[in-house]
Amino acid sequence: MSSPISEATVLQALQAVIDPNTGSDLVSGKQIKNLRLNGADVAFDVELGYPAASQHAALSAALETAVRTLSGVGQVNIAIASKIVAHAVQRGVQLLPGVKNIIAVASGKGGVGKSTTAANLALALAAEGARVGVLDADIYGPSQPLMLGASGRPDSLDGKLMEPKLAHGLQLMSIGFLVEDDQAMIWRGPMATQALEQLLRQTRWQDLDYLVVDMPPGTGDIQLTLSQRVPVTGAIIVTTPQDIALIDAKKGLKMFEKVGVPILGLVENMAVHICTNCGHAEHIFGADGGKKMAAQYGLDYLGGLPLALSIREQADAGRPSVVAEPEGEIAALYKTLARQVAIKIASQAKDYSAKFPTISISSGT
């Protein structure tokens, strides 16, 4: 005679399912919610701390298979959702209204594909089910409007805050919307820094899970101000495998360490070139430089991205790879990168500042 189905037996069965992204089971992680039993029928919710829409079907199938190892189970109803919360930032820096987490995408030098990586990372997070914005922080060379196919001046509903532009489902703000394409920004550091802070704080970001900040290359005034005064949840370092890029990437890494911004990991861009004619793979910029740097500094290696003609062509056309070929191999690489970044953020300490009481002092009568 089979034992009756109970909450305990269902949870025991579900413990066999390992979350492929975190390597731990969902029961121990307290991600199984609202378990309901109605006779032989079983229903429950799964709450993930990161977006992973492309994996919901496979995860749901694995969970149902686990429940059906119990004899006598009837219908199984599983609802999977993501609940993304705000995580801790640098000490003494207030969170930005309307933004839960800020991801800085940085590089020590230009030309390593940082902006392309930032655009595709943001699109991949959105494709996985998150609400995402992009701040183009490169005052001197804004490229996100072109890459994301957005143009025109931003609107303002109240005369104080700017409305972000919408591009492929992303909220976007850039100095590129406020100046002419051929206008050179001949500004000293303090002016550029002030302009960037205005773009960040005078944009009406609307309920973002993640704001991806495309940082300017280098470790100067703007980068330092951003990392000290902007509530950054974590930074991603983008490099190419060759030594000259790695030297500069290390400088960017040290800057974030000094101001207390966690490094989410390293992305090795242009890791390998695949010939579009013959398919021959060639390490034009050297092999595994990023992997070795990640190992040297104890960083997560978030993955290698190819030097592919399509990535450049699609970004130049305002439709980066994740939206141009959403089921393609390159989009899959960016989605894997996005999930890794989101999972790393989900494992960090939560931000409790909103829960702290406000102390007001008034003079007694």
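Nothing here was measured: the structure is a model prediction, and the numbers come from that model.

Pulling in residues and values, what's your account of helix 9 (residues 309–316)?
Those residues of helix 9 lying buried are I311, Q314 and A315. The buried side chains of helix 9 occupy one side of the element, clustering within an arc of 100° when seen end-on. Where helix 9 is buried, its residues contact helix 3 (114–127), helix 4 (144–147), helix 10 (321–324) and helix 11 (329–346). Backbone geometry just downstream of helix 9 places G318 in the positive-phi region, at approximately 80°.

An account of the pairing of strand 1 (residues 32–38) is requested, with residue identities and associated values reported.
As paired strands, strand 1 and strand 2 (residues 41–48) are joined by 5 bridges and run antiparallel to one another. Residue pairing in the sheet places N38 in a bridge with D41 of strand 2. Between the end of strand 1 and the start of strand 2, which pair antiparallel, lie 2 residues, with G39 showing a positive phi angle near 65°.

Tell me about the packing of helix 3 against helix 11, and please be specific about residues and values.
Where helix 3 contacts helix 11, the two axes come as close as 8 Å, and the packing angle between them is 75°. Here helix 11 runs roughly perpendicular to helix 3, going by the angle between their axes. In this structure, helix 3 uses T116, T117, N120, L121, A124, L125 and A127 to contact helix 11, whose residues at the interface are Y334, K335, L337, A338, V341 and A342. Looking at the contact of helix 3 with helix 11, its residues break down into 9 nonpolar, 3 polar and 1 charged.

Talk me through the environment of V261; I want residue IDs and the actual numbers.
Along the chain, V261 turns up in the loop between helix 7 (243–258) and strand 10 (263–268). It is 9.9 Å that separates the C-alpha atoms of V261 and A88, two residues lying 173 residues apart in sequence. When sequence neighbours within four positions are dropped, the list of residues in contact with V261 reads Q90, S227, V232, G234, A235 and F256.

Outline the pattern of salt bridges, supporting the account with residue identities and numerical values.
Tallied over the entire structure, the rule returns 11 salt bridges. One salt bridge in this structure joins K344 and D300, with 3.4 Å as the shortest N-O distance. In this pair, K344 sits in helix 11 while D300 sits in the loop between helix 8 (289–297) and strand 13 (301–304), placing the two residues 44 residues apart along the sequence. According to the relative accessible area criterion, K344 is partly exposed, its value standing at 26%. We note a salt bridge from D316 to R312, for which the minimum N-O separation is 3.1 Å. Placement of the pair is D316 and R312 together in helix 9, with a separation of 4 residues, close to one helical turn. Classification of D316 as partly exposed rests on a relative accessible area of 40%. Each of E197, R201 and R229 takes part in a single network of salt bridges with overlapping partners.

The rules we used
Residues numbered from 1 in each chain as written. Predicted model: local features only at pLDDT ≥ 70, side-chain atom pairs only at ≥ 80, totals over all residues. Heavy atoms only, no water. Buried < 20%, exposed > 50% of the residue type's maximum accessible area, 1.4 Å probe, protein only. Helix = DSSP H or I, 4+ residues; strand = E, 2+ residues; numbered from the N terminus. Arc of directions from axis to C-beta. Contact = heavy atoms within 4.5 Å. Pairing = 2+ DSSP bridges. Axes fitted to C-alpha atoms, helices over the stretch in contact; angles between N-to-C directions. Parallel < 35°, antiparallel > 145°, perpendicular 65-115°, else oblique. Nonpolar A, V, L, I, M, F, W, Y, C, P; charged D, E, K, R; others polar. Salt bridge = Lys/Arg side-chain N within 4 Å of Asp/Glu carboxyl O.

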